[in-house]
Amino acid sequence: MKLFSWGANSHGQLGQGSISEACCLPTEISASCMDPASIVSIVGGGGHSLVLDRSGNVFAAGWNNKGQLGLEGDDVTSFQSVQSLHGYRVNQLACGWDSSSALTSNGSLLVWGSNAYSQLGLSKQKLKSTKSPQRIPVARVKQASLGLRHLVIVSEAGKVYASGAGNKGQLGIVDSSGRPLSESQNITQVPFLDDIVGISCGQHHNIALSKSGKIFVWGDNRFGQLGLDPAIHPVVYTPHELQISLPEIKGLPSALFAGWTHSVVLTDNEELINWGRNSYGQLGCDSQERVATWDPSILRMDEKLRQVAVGSEHNVVLTEKRDILSWGWNEHGNCGTGAQENVLKPSIVRMESTKRATMIGTGACHCFVVLDTN
């Protein structure tokens, strides 16, 4: 197995041992501390990347100005083992812009990095940032997701909790007068949500999935990222059930992903539904084809999908045939096409012809892929 990366690398987040503004083609990473064959997840933030292996070990590279790598020192250009997580068996990672989280096998959630807006679920007066993972006081966490300046947690009981900035309605919590909570310095339960099984945070919005397949959205809707007409609903302050009425959809929602200002849903029939901003081609269609880009629509793919990964304004998918397709914002080579023009339609990422991709991962504007070399 081999690990490749491409896209923005201004802080060494590609783990290539160097720094550059753009890496436009997949480039192999040499990381002696980890085995690409054991990697199960790769996630990234604004300028940092985290890798999880099947033994629950975590590795990090990139921007470390707020301690978001969980390592000592400044920016790290090659992946290093996160020693501060030794002793924990991690089974899930998440990144915000400059913060990070790790969910352990016993349901404990650890957070580190910037806490300037209390996005770690801790009081910013007591802690502005930390490189040492801190445990969140919520028992039996099922999933966590980080936005630009907020954190949302789903418990094993299906309850949802949030902390951090809420000025765009991204906390889903209002006060007694109906005004959105501008900030929460503690983990606070989001009302009206039960039996939630999945969550994804965008820049200032969220999308959640219930056990019965219902989709809920809240937060900023300036670009229609909630799947609602922004002229009518510029902001949604509390969770709103999104009705997707597309007769051609055969499956039920099974996974969801929030970019900075667009949203993506994958069904159990491997259909891809998206909506929101399309300024950079992040919906995979010409704007003329979808004038009302806020209205959920199917993005038709020629192949079935194995995996979907969404960056801030770009997308990457791994197909059943082990091809990699990308589209959207490409200023830093995010799409891996060899150029820096935005990619308006799903396009092949050219890899070594004899290799097959087995998994993908994204940060805000960078990507990773593991290739099978056998």
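Residues numbered from 1 in each chain as written. Predicted model: local features only at pLDDT ≥ 70, side-chain atom pairs only at ≥ 80, totals over all residues. Heavy atoms only, no water.

(A) Summary view of the pairing of strand E8 (residues 99–104). Within E8, 6 of the 6 residues are buried, which leaves the element mostly enclosed by the surrounding structure. Residues Ser99, Ser101 and Leu103 line one face of E8 and the alternating positions Ser100, Ala102 and Thr104 line the opposite face, and both faces are buried. Here strand E7 (residues 90–95) pairs with E8 via 5 bridges, running antiparallel. The partner of Gln92 across the bridge, within E8, is Leu103. In this sheet, strand E9 (residues 109–114) lies alongside E8 in antiparallel orientation, the contact comprising 5 bridges. By the bridge assignment for E9, Ser99 is matched with Gly113. Adjacent in sequence and paired antiparallel, E8 and E9 are bridged by 4 residues, among which Gly107 carries a positive phi angle near 85°. (Buried < 20%, exposed > 50% of the residue type's maximum accessible area, 1.4 Å probe, protein only. Helix = DSSP H or I, 4+ residues; strand = E, 2+ residues; numbered from the N terminus. Pairing = 2+ DSSP bridges.)

(B) Looking closely at the layout of surface pockets. Its boundaries defined by the atoms lining it, the largest pocket holds a volume of some 990 Å³. Surrounding the largest pocket, 45 residues form its lining, Val43, Leu93, Gln143, Ser200 and Phe257 being those nearest its centre. Secondary structure elements with two or more residues in the lining of the largest pocket: strand E3 (39–44), E7, strand E11 (141–146), strand E15 (196–201), strand E19 (253–258), strand E23 (305–310) and strand E27 (356–362). Looking at the lining of the largest pocket, its residues break down into 26 nonpolar, 19 polar and no charged. Put simply, the second largest pocket is a space of about 210 Å³. Here the lining of the second largest pocket is composed, by residue class, of 8 nonpolar, 5 polar and 2 charged. (1 Å grid on protein atoms, 1.4 Å probe; cavity = no way out; pocket = protein on both sides within 12 Å on 5 of 7 lines; lining within 4 Å. Points joined across faces, edges and corners; volume = space filled by probe spheres on them. Nonpolar A, V, L, I, M, F, W, Y, C, P; charged D, E, K, R; others polar.)

(C) Layout of the pairing of strand E25 (residues 324–328). For E25, a buried count of 5 out of 5 residues is recorded, marking the element as mostly surrounded by other parts of the structure. The alternating pattern of E25 places Ile324, Ser326 and Gly328 on one face and Leu325 and Trp327 on the opposite face, and all of these are buried. Pairing geometry for strand E24 (residues 314–319) and E25, over 5 bridges, is antiparallel. Its bridge partner lying in E25, His314 is registered against Gly328. In sequence, E24 turns back onto E25 through a hairpin of 4 residues, with Arg322 there showing a positive phi of about 70°. Sheet analysis places E25 next to strand E26 (residues 343–348), joined by 3 bridges and oriented antiparallel. Counted as the bridge partner of Ser326 is Ser347 from E26.

(D) Broad picture of unusual backbone geometry. The residue Asp195 is not glycine, and still its phi comes out positive at about 55°. Among the secondary structure elements, Asp195 is positioned in the loop between strand E14 (183–189) and E15. Looking at Asp195, the relative accessible area reads 46%, which means it is partly exposed. Even without being a glycine, Arg322 presents a positive backbone phi close to 70°. Topologically, Arg322 is positioned in the loop between E24 and E25.

(E) Here's a closer look at the sheet that holds strand E12 (residues 150–155). With antiparallel pairing, 4 strands are arranged side by side in an open sheet as E11-E12-E13-E14. The open sheet terminates on both sides in strands that have one partner only, identified here as E11 and E14. Mean inter-strand twist for the sheet, computed between neighbouring axes without regard to direction, equals 10°. As paired strands, strand E13 (residues 160–165) and E14 are joined by 4 bridges and run antiparallel to one another. Paired with Tyr161 across the two strands is Gln189, which belongs to E14. (Axes fitted to C-alpha atoms, helices over the stretch in contact; angles between N-to-C directions.)

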